[in-house]
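So you can see what is in the structure, the chains are spelled out below.
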Amino acid sequence: MIARAREAALHELVVRLHLPVTDVGLLDRAFTHTSYANEHKERSVQHNERLEFLGDAVLDLIIGEYLFKTYPQMTEGELTKTKAAIVCESSLASCSGALGFGEYLLLGKGEATSGGRQRASILADTFESVVGALYLHTSYKVATEFVLSHLQGYIKQAILGNLGKDFKTLLQEFVQQDGEKHIQYSLVGESGPDHDKVFLMEVCIDGISYGSGSGKNKKEAEQHAAQEALEHIKNSTI
């Protein structure tokens, strides 16, 4: 049984993304991490790993089919390389973050306090889980429309050969298209015990804060901060 507030939040997501979903039960499962299920074993909570498995396969087919039909000049090797860049963890995590999927995740307490909602691996897995849920609940056609709609920008970047770069590099290249700008990363917080620290880094461009991110080390936190800043800048220019 889904709590009323949780059900309302998922319905809001369905409306915002224009998804033809009437029963949000499968979406609830798509946003339920194993850490949450493990902490609520007495309730027999279902987590999203099986949906992630299915979504991964469906996503591979959608992107593979799209590239095959749209770019007939591509060789098998080029198709494989391009598809891998589009469905890689960083691309799916970035898209998932831009869609606000982290806000809907049910995480265990430890995972939630250590930055799980911004963790690339979890966000990427969640995107795959949502694709799996859409495929099961609606159709391959609906899942395809969702994937191609939200990954179109990443597909274009992959065709141009820009995917596969880290977020700090992508942010630097993006903001310096119109001239040199000063990008600075600063440590703004730490939490957790010494053996399990979580670092919070902020990125400023010409002295203005554009994003922050957390991670198990400063480099990981910087990447997440750059990812947030890149999404913020791109969304503000749409």
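Residues numbered from 1 in each chain as written. Predicted model: local features only at pLDDT ≥ 70, side-chain atom pairs only at ≥ 80, totals over all residues. Heavy atoms only, no water.

1. A word on the UniProt feature "active site" (unreviewed entry) in the protein
For the record, the criterion: UniProt positions are given in the numbering used here, feature names are shortened, and annotations may be inferred rather than shown by experiment. Comment: elements are numbered from the N terminus, with helices defined as DSSP H or I runs of at least four residues and strands as E runs of at least two. Exposure categories follow from relative accessible area, calculated using a 1.4 Å probe and restricted to protein chains: below 20% of the type maximum is buried, above 50% is exposed, and the middle band is partly exposed.
The UniProt entry lists Asp 56 and Glu 128 under the feature "active site" (unreviewed entry), expressed in the numbering used here. The greatest C-alpha distance among the annotated residues, which extend across 73 residues, is 5.4 Å, indicating that they converge on a single site. Counting through the fold element by element, Asp 56 comes out in helix 4 (residues 49–70). The exposure class assigned to Asp 56 is partly exposed, which follows from its relative accessible area of 36%.

2. Let's talk about the domain arrangement of the protein
What counts, and what does not: Annotation comment: domain bounds sourced from an automatic or database domain assignment. We call two residues contacting when some pair of their heavy atoms lies within 4.5 Å. In short, buried area is how much 1.4 Å probe accessible area vanishes from two parts on joining, totalled over both. Salt-bridge detection follows one rule: a side-chain nitrogen of Lys or Arg within 4 Å of a carboxyl oxygen of Asp or Glu. Each polar contact in these results corresponds to two N or O atoms within 3.5 Å; when the atoms are within protein, one needs to be able to donate a hydrogen and the other to accept it, and residues that are neighboring in sequence are counted only if both atoms are side-chain atoms. Ten residues, namely Ala, Val, Leu, Ile, Met, Phe, Trp, Tyr, Cys and Pro, are considered nonpolar, four, namely Asp, Glu, Lys and Arg, are considered charged, and the remaining ones, Gly among them, are considered polar.
Splitting the protein by domain gives domain 1 (4–160) and domain 2 (167–236). Here domain 1 and domain 2 have C-alpha centroids that lie 24 Å from each other. At the junction of the two partners, domain 1 supplies ten residues and domain 2 supplies eight residues. Each partner contributes to the roughly 720 Å² buried at the junction of domain 1 and domain 2, and carbon and sulfur atoms together form 50% of this total. If you sort the residues of domain 1 by the area they bury against domain 2, Ser 94, Ser 114 and Gln 118 come out on top, with a joint share of 45%. In this structure, the connection of domain 1 to domain 2 is made through zero salt bridges. At the boundary of domain 1 and domain 2, one finds two residue pairs in polar contact (both at pLDDT 80 or more). Among the elements that line the side of domain 1 that touches domain 2, the one with the most residues is helix 6 (residues 89–98), at five residues. Tallied by class, the residues present in the side of domain 1 that touches domain 2 amount to three nonpolar, six polar and one charged.

3. Brief notes about the packing of helix 4 against helix 8 (residues 120–137)
Definition in use: Note on geometry: axes are lines fitted to C-alpha atoms, helical ones only across the stretch in contact, with angles between N-to-C directions running from 0 to 180 degrees. Any angle from 65 to 115 degrees is called roughly perpendicular, while one under 35 is roughly parallel, one over 145 is roughly antiparallel, and all others are oblique.
At their nearest, the axes of helix 4 and helix 8 sit 7 Å apart, and the two run at 80 degrees to each other. With respect to each other, helix 4 and helix 8 are oriented roughly perpendicular. Along the contact surface, helix 4 presents Leu 51, Glu 52, Leu 54, Gly 55, Asp 56, Val 58 and Leu 59, while helix 8 presents Asp 125, Phe 127, Glu 128, Ser 129, Val 131, Gly 132, Ala 133, Tyr 135 and Leu 136. The residue makeup of the contact of helix 4 with helix 8, split by class, is nine nonpolar, three polar and four charged.

4. Details of the UniProt feature "binding site: Mg(2+)" (unreviewed entry) in the protein
This chain's UniProt record puts "binding site: Mg(2+)" (unreviewed entry) on Glu 52, Asp 125 and Glu 128. What stands out for the annotated residues spanning 77 residues is how close their C-alpha atoms remain, the widest pair being 6.0 Å apart. Mapped onto the secondary structure, Glu 52 falls in helix 4. Excluding its chain neighbours within four sequence positions, the residues that come into contact with Glu 52 are Asp 125, Glu 128 and Ser 129. Take Glu 128: it is sitting in helix 8. Under the relative-accessibility criterion, Glu 128 is labelled buried at 8%. For Glu 128, the contacting residues outside a window of four places in its chain are Leu 51, Glu 52, Gly 55, Asp 56, Leu 59 and Leu 92.

5. So, the nonpolar core
Using the following cut-off: By convention a nonpolar core is built from buried Ala, Val, Leu, Ile, Met, Phe, Trp, Tyr and Cys residues, the set being connected through side-chain atoms within 4.5 Å.
Formed by 49 residues in total, the largest nonpolar core has its most connected members in Phe 31, Ile 63, Ile 86, Phe 101, Phe 127, Phe 146 and Leu 151. Excluding residues within four positions of it along the chain, Phe 101 makes contact with Leu 13, Leu 17, Phe 31, Ser 96, Thr 126, Phe 127, Val 130 and Phe 146. One finds Leu 170, Val 175, Val 203 and Ala 226 within the second-largest nonpolar core, a separate group that totals 16 residues.

6. Here's the deal with the packing of aromatic side chains
Each aromatic ring pair is described using two quantities: the centre-to-centre distance and the angle formed by the ring planes. Condition: Pairing of aromatic rings covers Phe, Tyr and Trp, the last through its six-membered ring, and needs centres within 6.5 Å; plane angles under 30 degrees mean stacked, over 60 mean edge-to-face, and all others mean tilted. As a reminder, the over-ring test applies to NZ of lysine and CZ of arginine, requiring each to be within 6 Å of the ring centre and within 35 degrees of the ring normal.
Tallied over the full model, the rule gives three aromatic pairs. Each residue in the set Phe 31, Phe 101 and Tyr 104 is aromatic and connected to the rest through ring pairs, giving one cluster. Between Lys 168 and the ring centre of Tyr 185, over which it is positioned, the NZ or CZ distance is 4.7 Å.

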